[in-house]
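Remarks on the overall topology
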Amino acid sequence: KTAIDKFSPTVNFGKVIADAKKADPARDWSKYEAIYVDPESTNEIFTTNTNLIKAFLALKKAVDDAKALDAAKTFAHAEALYADDEAAQADIEAETKRVNAYSSLKKALDEATQKGCTVTDYTAVYNNAESTAEALAQAEEAVKNIITAHDIADTVKDASADNPADLTSYIVNSTFDTIGD
């Protein structure tokens, strides 16, 4: 398969178009079908557009996964990019990263809420449609720290000399594997 991938951008492009049509038959893939049958198309064009379609499909998956977590959440910018045949691959990949960051933050917020943690400030970041991937990742990290603090407090609340709490799982590098690295 790897040898075919290296020597046949045409085959790869045809396959990715077929995969895309299966993944989302409602989307118009005709631009890419026209490129595929155009005798002027080169291997470079096929490779570029193969990567572009893969980026589109990754964005669609990210949006679908995010909506599965929160059906009320809208991703207007991501959906507009997905529908835009002229979208740049870098923009699609950046938006995919942002949508995935929303999903990660949502999972952390749900866990924190279930545990009774107060995460209102970070919920505001999640609810902001303009949040950047970086802001979402920072909020997720903060929520995870809140969850860890909550878990530690919960673990030690009944600890005593006769009933010590096991906090081994919270120790960073508890085996000292990276000492001296």
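Residues numbered from 1 in each chain as written. Predicted model: local features only at pLDDT ≥ 70, side-chain atom pairs only at ≥ 80, totals over all residues. Heavy atoms only, no water.

The next point concerns the packing of aromatic side chains. Taken as a whole and assessed by the stated rule, the structure comprises 9 aromatic pairs. When the centroid spacing of 6.1 Å and the interplanar angle of 85 degrees are considered together, the rings of Phe 56 and Tyr 82 count as edge-to-face. With Phe 56 in helix H4 (residues 43–69) and Tyr 82 in helix H5 (residues 76–83), the pair connects residues that are 26 residues apart, well separated along the chain. You'll find Phe 56 and Tyr 82 in the same group, each marked buried. Here the guanidinium or amino end of Arg 27 rests over the ring plane of Tyr 82, the centre of that ring lying 5.1 Å away. (Phe/Tyr/Trp six-rings, centres within 6.5 Å; stacked < 30°, edge-to-face > 60°. Helix = DSSP H or I, 4+ residues; strand = E, 2+ residues; numbered from the N terminus. Buried < 20%, exposed > 50% of the residue type's maximum accessible area, 1.4 Å probe, protein only. Lys NZ or Arg CZ within 6 Å of the ring centre and 35° of its normal.)

In this structure, Tyr 32 and Ile 53 are the most contacted members of the largest nonpolar core, which totals 38 residues. Those elements giving two or more residues to this core turn out to be helix H2 (9–23), helix H3 (30–37), H4, H5, helix H6 (89–114) and helix H8 (133–156). The leading source of residues in this core is H4, at 10 residues. Look past the residues within four positions of Ile 53 in its chain and what remains in contact with it is Phe 13, Val 16, Ile 17, Ala 20, Trp 29 and Tyr 32. (Core = buried A, V, L, I, M, F, W, Y, C linked by side-chain atoms within 4.5 Å. Contact = heavy atoms within 4.5 Å.)

Scored by pLDDT, the chain comes out at a mean of 92, with 94% of its residues at no less than 70. Mean pLDDT in the chain bottoms out at helix H1 (residues 2–7), which sits at 56, and peaks at H6, which reaches 98. (pLDDT = per-residue confidence, 0-100.)

This brings us to the environment of Thr 120. Within the secondary structure, Thr 120 is located in helix H7 (residues 120–127). The exposed category is assigned to Thr 120, whose relative accessible area is 57%. Along the backbone, Thr 120 and Asn 12 are 108 residues apart, and their C-alpha atoms lie at a distance of 47 Å.

Examined against the element boundaries, Asp 24 turns out to sit in the loop between H2 and H3. Assessed through its relative accessible area of 12%, Asp 24 is described here as buried. Taking the C-alpha atoms as reference points, Asp 24 and Lys 60, 36 residues apart in sequence, are found 8.7 Å from one another. Excluding its chain neighbours within four sequence positions, the residues that come into contact with Asp 24 are Trp 29, Lys 60 and Tyr 82.

It is worth spelling out the pattern of salt bridges at this point. Counted according to the given criterion, the structure contains 14 salt bridges. With its nearest N and O atoms 4.0 Å apart, the salt bridge here joins Lys 97 to Glu 134. Within this pair, whereas Lys 97 is found in helix H6, its partner Glu 134 is found in helix H8, the two being separated by 37 residues in sequence. Its relative accessible area of 52% is what places Lys 97 among the exposed residues. Judged by its relative accessible area of 47%, Glu 134 falls in the partly exposed class. Linked through salt bridges whose partners overlap, the residues forming this network are Glu 111, Lys 115 and Asp 151. (Salt bridge = Lys/Arg side-chain N within 4 Å of Asp/Glu carboxyl O.)

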